[in-house]
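# Understanding the architecture of this molecule
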Amino acid sequence: MTTMTGQVAGALDRALAERTTLIELCVYAIDRARSAGVAERVVDGLRGVGVSVLRPVGCRFDPAWHEAGGTVPTDDPELHGIVADIELVGFADRGRLLRPPVVVVYQFQG
């Protein structure tokens, strides 16, 4: 490997590490933002760099992508296993799960 190639690789590694740190800081800020407008502005910024917010209300619960925070009873069997609410939003970076959303899932009480 030439010196120039090594320098470029080192710079790329640093940039990627810094990107990860900035994404983590943004997620931290969103969790603690007192203003919904500020939180959405940060979410928009993250979306611009390939990070999506996971808000799966109405989706079928998937333990590979969601963390169950609780259940809510339903008398509708069609709703069983569907995400009813979100306790904490999740994040994915270009399809790679960063943090699963913590969700409340409908549970049929038949």
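Here, the structure is the one placed above.
Being a predicted model, the structure only gives us computed values, none of them experimental.

### A short note on the pattern of salt bridges
With the rule as written, the count across this model stands at six salt bridges. The partner of Asp93 in a salt bridge is Arg19, with the nearest N and O atoms 2.7 Å apart. Of this pair, Asp93 sits in strand β4 (residues 90–93) while Arg19 sits in helix α1 (residues 3–32), placing them 74 residues apart in sequence. By relative accessible area, which is 9% here, Asp93 ends up buried. Residue class for Arg19 comes out partly exposed when judged on its relative accessible area of 22%. Asp93 serves as the salt-bridge partner of Arg94, at 3.9 Å between the closest nitrogen and oxygen. Salt bridges here are not isolated pairs; linked through shared partners, they connect Arg19, Asp93, Arg94 and Arg96.

### Here's the deal with the sheet that holds strand β6 (residues 102–108)
Strand pairs in the sheet, formed through backbone hydrogen bonds, run parallel or antiparallel to each other. The strand order across the open sheet built from three strands is β2-β6-β3, with neighbouring strands paired in mixed fashion. Looking at the sheet topology across the chains shown, the edges are occupied by β2 (67–74) and β3 (83–88). Here the average twist between neighbouring strands, direction ignored, is 30 degrees. Across four bridges, β3 lies against β6 in antiparallel orientation. By the bridge assignment for β6, Leu88 is matched with Val102.

### Points about unusual backbone geometry
Although it is not a glycine, Arg94 sits at a positive phi angle of roughly 50 degrees. By relative accessible area, Arg94 is classed as exposed at 61%.

Reading the values: rules and limits
- In every chain, residue numbers begin from 1 and rise along the written sequence.
- Note on the predicted model: pLDDT of at least 70 is required for a residue's local features to be given, and 80 or more for side-chain atom pairs to be given and counted; whole-chain, interface and lining totals, by contrast, use all residues.
- Hydrogens are left out, water is left out, and the side-chain values use all remaining heavy atoms of the structure.
- The term salt bridge refers to a pairing of a side-chain nitrogen on Lys or Arg with a carboxyl oxygen on Asp or Glu at a separation within 4 Å.
- Strands are runs of DSSP state E lasting at least 2 residues, helices are runs of H or I lasting at least 4, and numbering of each runs from the N terminus.
- The classification of residues rests on relative accessible area computed with a 1.4 Å probe and restricted to protein chains. Under 20% of the type maximum is buried, over 50% is exposed, and intermediate values are partly exposed.
- For two strands to pair, DSSP has to find at least two bridges joining them.
- Only the stretch in contact is used when fitting a helix axis, every axis being a line fitted to C-alpha atoms; angles between N-to-C directions are given from 0 to 180 degrees.

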